[in-house]
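# Coordinates in review
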Amino acid sequence: MSMNLENRFDQTFVAKDNNLKYSFELKDVKTILNKRKGERSLFIGDYSLNPYMGCSFDCSYCYVNGSKYANKTSSLIVKSNAYELVKAQLKNKAKHGERAIINLGTATDCYMSIERELGLTRDILKIINRFRFSVHIITKSDLILRDIDILKKIQKSAILPGDVKCEDNTIKSIITFSFSTTDDEIAKIFEYNAPRPSKRLKIVDKLKKEGFLVGVALMPILPFISDDEDCLNKIFSDFKKHDVDHVLHGSLTLFGDKNTHSKVRYLNLLKENYPELYDKTSKIFGEKNYLSKNYQEKLNKRVHKIANDFSIKTSIISQYFKKDII
Ligand code: SF4
């Protein structure tokens with residue numbers, strides 16, 4: 001293992017926000033870059049990269065918990081050979097003339113609290129910069145501010161893939177903050193250990209001032225809590241005040257049937273905090289993990305109308321791509 005992860009590593013890490021304790025394991029993995037299947041999706045990247053497995057922000061609705069991507073141990077995992085794998089693979093791709101946008105943080109938050117101690121995401125960004133790839137980071141954490149220097153270097157030096165016709169550099173370092181609500185009190189219930197939405201919005205301001213393309217992912221929109229017209233209007237109005245560049249959105253997905261799984265945890269939280277919503281929500285999911293096509297179509301329509309009213313884009317500058325991103 002290089003990068004002295006072992007020296008930086010303490011088996012029991014105390015999360016700073018609320019003193020919850022998490023144990024972490026170091027584990028070698030076989031692959032680190034996952035190539036997208038098919039056309040560019042909402043997050044636009046060619047590859048996804050997650051330096052950790054599991055996430056200490058521990059949002060109750062996290063789609064990973066109970067899904068096939070779930071961590072199989074009770075500890076969170078630090079991918080100990082991530083740095084070497086990224087370095088070898090990006091070096092090889094650059095040598096063969098391949099260019100790509102890399103999505104960081106699609107199945108974990110790459111800026112969860114342990115990153116403060118380990119700096120693994122920072123090391124990976126340095127490699128991405130060295131081989132001139134572009135990056136799209138999805139996070140809830142203010143720790144991203146630490147890496148502004150590298151993100152700026154990426155903005156200057158990355159070479160975009162051939163299907164991107166961007167005339168400025170902004171698309172080379174894209175940042176998307178994820179939200180299920182902009183209300184700190186609601187967030188305290190469903191995403192207790194993550195930085196509060198009000199804090200995230202302040203970081204949006206700072207990163208925008210630094211000249212980055214900064215948007216948000218309203219994912220998941222919570223049924224009967226943040227999905228009606230009034231709530232969405234309030235949320236979009238909050239985003240507008242912070243001049244976000246895009247709002248990506250998605251509905252709630254709940255997997256699994258064990259206590260640690262998102263479906264059980266989410267419904268239990270409803271029982272405690274919104275008892276009147278428990279039956280309604282259980283019913284619209286039934287045995288399924290996804291909400292019905294009909295629900296999703298109605299929600300999409302509502303979101304697109306409101307986004308249009310606020311003149312906010314619902315995809316990442318699709319005009320820069322030769323094909324539209326839905
Ligand atoms: S921050 Fe993202 S990855 Fe982490 S628990 Fe929450 S939803 Fe899951």
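Here, every reference points to the structure presented above.
A brief look at the structure comes next.

### Some remarks on the site of the ligand
- Around the ligand lies a shell formed by C55, F57, D58, C59, C62, T108, D109 and K140.
- In the shell around the ligand, the residues fall into four nonpolar, one polar and three charged.

### Some points on the sheet that holds strand β10 (residues 213–221)
- On the basis of which strands lie adjacent, the open sheet formed by seven strands has the order β3-β4-β7-β8-β9-β10-β11 and mixed pairing. Each having just a single partner strand, β3 (33–35) and β11 (247–251) make up the two edges of the open sheet. Between one strand axis and the next, the sheet turns by 25° as a mean value, whatever way the strands run.
- Relative to β11, β10 runs parallel, the two sharing four bridges.

### Quick look at the side chain of H246
- Residue position: H246 is located in the loop between α8 (229–241) and β11.
- Among the polar contacts listed, one links the side chain of H246 to the side chain of T176, at a separation of 2.9 Å.
- Beyond its immediate stretch of four places on either side in the chain, H246 contacts I174, I175, T176, V214, G215, V216, I312, K313, S315 and I316.

How each quantity is defined
- Residues numbered from 1 in each chain as written.
- Predicted model: local features only at pLDDT ≥ 70, side-chain atom pairs only at ≥ 80, totals over all residues.
- Heavy atoms only, no water.
- Near = heavy atom within 4 Å.
- Nonpolar A, V, L, I, M, F, W, Y, C, P; charged D, E, K, R; others polar.
- Pairing = 2+ DSSP bridges.
- Helix = DSSP H or I, 4+ residues; strand = E, 2+ residues; numbered from the N terminus.
- Axes fitted to C-alpha atoms, helices over the stretch in contact; angles between N-to-C directions.
- Polar contact = N/O pair within 3.5 Å; in protein donor to acceptor, adjacent residues only side chain to side chain.
- Contact = heavy atoms within 4.5 Å.

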